[in-house]
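# Geometric and topological summary
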Amino acid sequence: GADQPGRIYIGTEPGGLFRSDDNGDSFELVEGLWNHPSRMTSWTGGGRDHPAIHSVVVDPRDSRHLFVGISCAGVFETVDGGETWVPRNKGLSADFLPDPSVEVGHDPHFLDVCRNAPDVMWQQNHCGIFRSLDAGKLWKKISEEGGPAHFGFPISADERDPGTAWVVPATSDEHRMAVNGALCVSRTEDGGESWTALREGLPQQDCYDVVYRHALDKSGDRLAFGSTTGNVYLSENRGESWISLGANLPPVYSVRFSPV
């Protein structure tokens, strides 16, 4: 936030959140989250050795209000700059657990927020796509019935329109590749009531790409993403069509537009 110009947050595996107030020259552990009683009992690695904090969302209206996404634990919220934290996972479904409605133990893959309407939050989850209208207090599943927009890793919310977001679908956790061998980006413009698969310029057969959680980014009407098979694509028109920026690169873990 503008009131904390030197502050940087970094999430780590295993499950640590670190904070810097000097532009990254030094960091300290956010002990309020590290010492949360659920960490020792309900945080898991979801197939990895340790839980990982992959998403940090700071409320643009109040820098002391932030959310983190943790695989596997869920979404946690603080309103006092990290001193205390509460889980915000109501409405999510952890289908891989004996009790899918547990308070802690969910697997968000990525968390994003509409900058113009910060109470509208989105997450691509291991068990589908979810949206909240009340700053994470209640989540609603908005996956596409019978369509590709369900499993995946990244999600990008429109900065201006709280009803619009993009995902890059994958087949499943067991088959981490484009759905039916055809790469697409799916967009909703009505809060998840319907989804449109955007395919122009993307390979539609024999495609084994999957896009990791940090490898999709948006700036204005431009979107870009990179894949595990070293392909990078750019759209100048909100995903309607795509061009290739490069192929045969190493696996792409992160894509970001550089601020001007």
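On a predicted model such as this, the values are computed, not experimentally measured, just so you know.

## What to know about the overall build of the protein
On a plain count of helices and strands, the protein comes out with 2 helices and 19 strands. Here the C-alpha atoms of the protein give a radius of gyration of 18 Å, agreeing with the 18 Å that 2.2 N^0.38 yields for 260 residues. Structurally, the protein occupies a C-alpha span of about 50 × 45 × 35 Å along its principal axes. The buried share among the 260 residues of the protein stands at 51%. For the protein, the share of sequence-separated contacts (at least 6 apart) that also reach a separation of at least 24 residues comes to 45%.

## As for the nonpolar core
Core analysis: the largest hydrophobic core is formed by 20 residues, its most contacted members being Val168, Leu183, Val185, Leu202, Phe225, Tyr233 and Trp242. For this core, the secondary-structure elements that each account for two or more residues are β13 (165-169), β17 (222-226) and β18 (232-235). Excluding anything up to four places from it in sequence, Leu183 contacts Val168, Ala178, Arg199, Leu202, Pro203, Gln204, Cys207, Asp209, Phe225 and Tyr233. One finds Leu33, Val68, Ile70 and Val104 within the second-largest nonpolar core, a separate group that totals 13 residues.

## Let's talk about a nonpolar patch on the surface
A contiguous nonpolar surface patch, about 220 Å² in accessible area, is contributed by Ile8, Ile10 and Phe27. Topologically, Ile8 is positioned in strand β1 (residues 8-11). By relative accessible area, Ile8 is classed as partly exposed at 32%.

Thresholds applied
- Residues numbered from 1 in each chain as written.
- Predicted model: local features only at pLDDT ≥ 70, side-chain atom pairs only at ≥ 80, totals over all residues.
- Heavy atoms only, no water.
- Helix = DSSP H or I, 4+ residues; strand = E, 2+ residues; numbered from the N terminus.
- Rg over C-alpha atoms; globule rule 2.2 N^0.38 Å.
- Buried < 20%, exposed > 50% of the residue type's maximum accessible area, 1.4 Å probe, protein only.
- Contact = heavy atoms within 4.5 Å.
- Core = buried A, V, L, I, M, F, W, Y, C linked by side-chain atoms within 4.5 Å.
- Patch = residues over 30% accessible without salt bridge, like charges linked within 9 Å, V, L, I, M, F, W, Y side chains within 5 Å.
- Areas by Shrake-Rupley, 256 points an atom, 1.4 Å probe, with all protein chains shown as cover.
- Salt bridge = Lys/Arg side-chain N within 4 Å of Asp/Glu carboxyl O.

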